[in-house]
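Each chain, letter by letter, is given below.
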Amino acid sequence: MSDDTYTSKERRPGYDGTGPGAITPDGCAVEMWMRLPVGDGPDVIEAAVPAGATVLELGCGVGRMTHPLTDKGFTVTAVDESPDMLARVRPEVRTVRSPIERLDLGERFDVVLLASFLVHAGDEKVRQGLLETCRRHVAEDGCVLIQREGSTAHKDVPREVMVGPDMLARVASSTPIGDGVNSVHVEYEFPDGNWTQTFLSRPLTPEKFESALSEAGLRLETVLSGDGTWVRARPIL
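Procedures and definitions
- Residues numbered from 1 in each chain as written.
- Predicted model: local features only at pLDDT ≥ 70, side-chain atom pairs only at ≥ 80, totals over all residues.
- Heavy atoms only, no water.
- Helix = DSSP H or I, 4+ residues; strand = E, 2+ residues; numbered from the N terminus.
- Rg over C-alpha atoms; globule rule 2.2 N^0.38 Å.
- Buried < 20%, exposed > 50% of the residue type's maximum accessible area, 1.4 Å probe, protein only.
- Contact = heavy atoms within 4.5 Å.
- Areas by Shrake-Rupley, 256 points an atom, 1.4 Å probe, with all protein chains shown as cover.
- Expected span 1.5 Å × (residues − 1).
- Polar contact = N/O pair within 3.5 Å; in protein donor to acceptor, adjacent residues only side chain to side chain.
- Pairing = 2+ DSSP bridges.
- Axes fitted to C-alpha atoms, helices over the stretch in contact; angles between N-to-C directions.
- Phe/Tyr/Trp six-rings, centres within 6.5 Å; stacked < 30°, edge-to-face > 60°.
- Lys NZ or Arg CZ within 6 Å of the ring centre and 35° of its normal.
- Core = buried A, V, L, I, M, F, W, Y, C linked by side-chain atoms within 4.5 Å.

**Student:** Describe in detail the overall build of the protein chain, supporting the description with residues and values.
**Tutor:** If you tally the helices and strands in the protein chain, you get six helices and twelve strands. In terms of overall dimensions, the protein chain is globule-like: its C-alpha atoms have a radius of gyration of 17 Å, near the 18 Å expected for 237 residues. Along the first, second and third principal axes, the C-alpha set of the protein chain runs to 45 × 40 × 35 Å. The 237 residues of the protein chain split such that 51% are buried. Sequence separation of 24 or more characterises 55% of the internal contacts of the protein chain that already satisfy a separation of 6 or more. For the protein chain, the computed accessible surface area is about 10,900 Å², with 51% contributed by carbon and sulfur atoms.

**Student:** Pulling in residues and values, what's your account of helix α5 (residues 124-137)?
**Tutor:** Here α5 spans 20 Å end to end across 14 residues, near enough to the 20 Å set by a 1.5 Å rise per residue. Within α5, ten of the 14 residues are buried, leaving the element largely enclosed by the surrounding structure. Residues of α5 that are buried make contact with β2 (54-58), β5 (109-114), β6 (138-147), α6 (206-215), β11 (218-223) and β12 (230-235). A side-chain oxygen of the first residue of α5 lies 2.8 Å from the backbone nitrogen of Lys125; this N-cap is Asp123.

**Student:** So what's going on with the sheet that holds β12? Which residues, and what values?
**Tutor:** Through backbone hydrogen bonds, the strands of a sheet pair up, either in parallel or in antiparallel fashion. Taken in spatial order, the seven strands of this open sheet run β4-β3-β2-β5-β6-β12-β11, and their pairing is mixed. Only two strands of the sheet have a single partner each, and these edge strands are β4 (94-97) and β11. Across the sheet, the mean angle separating the axes of adjacent strands is 25° when strand polarity is ignored. Bridge count for β6 against β12 is four bridges, and the pairing is antiparallel. Paired with Val144 across the two strands is Ala233, which belongs to β12. On the sheet, helix α2 (residues 41-48) packs against β5, β6 and β12 and is oriented at approximately 40° with respect to β12.

**Student:** Please give an account of the packing of aromatic side chains that cites residues and values.
**Tutor:** As enumerated under the stated definition, the model contains one aromatic pair in all. Considering the side-chain rings of Phe190 and Trp195, the 5.6 Å spacing of their centres and the 90° angle between planes classify their relative orientation as edge-to-face. Overall, Phe190 belongs to the buried group, its relative accessible area being 9%. Classification of Trp195 as buried rests on a relative accessible area of 3%. If you follow Arg35 out to its NZ or CZ, it ends over the ring of Phe190, 4.8 Å from the centre. Taking NZ or CZ as reference, Arg148 lies 4.8 Å from the ring centre of Phe209, over its face.

**Student:** Can you lay out the pairing of strand β10 (residues 193-201) for me, pointing to particular residues and giving the numbers?
**Tutor:** Burial of β10 is extensive: seven of the nine residues sit out of reach of the surface. As paired elements, strand β1 (residues 16-18) and β10 share three bridges and run antiparallel to each other. Its bridge partner being in β10, Thr18 is matched across the sheet by Thr196. When strand β9 (residues 181-190) meets β10, the two strands line up antiparallel, connected through nine bridges. Residue pairing in the sheet places His185 in a bridge with Thr198 of β10. Counted between consecutive antiparallel strands, the loop separating β9 from β10 contains two residues.

**Student:** Explain the nonpolar core to me, using residue names and the numbers behind them.
**Tutor:** With 27 residues, the main nonpolar core has Leu56, Leu58, Leu114, Leu131, Val144 and Ile146 as its most contacted residues. Broken down by secondary-structure element, the contributors of at least two residues to this core are β2, β5, α5, β6, α6 and β12. Look past the residues within four positions of Leu58 in its chain and what remains in contact with it is Val79, Ile100, Leu103, Val112, Leu113, Leu114, Ala115, Leu118, Thr133 and Cys134. Within the second largest apolar cluster, 17 residues are counted, among which are Ile23, Leu36, Val171 and Val184.

**Student:** Tell me what's going on with the side chain of Thr77, and back it up with residues and numbers.
**Tutor:** Here Thr77 shows up in strand β3 (residues 75-80). Note on Thr77: relative accessible area 4%, which makes it buried. Polar side-chain contacts of Thr77 include one of 3.3 Å to the side chain of Arg94. For Thr77, the residues in contact, after removing those within four places along its chain, are Val55, Leu56, Glu57, Arg94, Val96, Leu105 and Phe109.

Rendered as structure tokens:
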């Protein structure tokens, strides 16, 4: 299944990226994301859901979490709007090309995964579309796992962190542009190449986050990580 509305060269308004290789509609550099370590996300997910569950991963990118989850015994359907990203996912994994907010597979999954802080989309209609896609595809007794921003994501700027042995990630700026949205500019530096990404992010208070879930037919069940960024939601029946 595919949706060809976006090409690999088009950009969503307010999103951009620079650096070697293909750049996706939301400004992600494919080659750079191939280099990023996955972190503890797969372990958080494994501890939060039944073994061997079916997983719908929304915004899978190059498969940074897809592949560890598959290795852990989950059956993953990986969704992304970028063909350049999907080309990096292992051929044995089922992939679907589509913007998340318009996805309708006519299927239900034990787990729907919305990671990479996508829930903070600058456009509120897009955000609600993402959450409605989660609700549309989660089994009645299933769950939705969401990765959200920490409370200081837009306050502790600029900031730098070493990611792995040779990569520097720098959140250079988070600039308010009106209507509660920030334009965030991130720089990634490697010994052999540099990349940037600019994207829109809408900070959400706990109250606004739970309200957005409720509007999409979901309820917050529990926080899964000590920093509060990973949460588990359930369908409202």
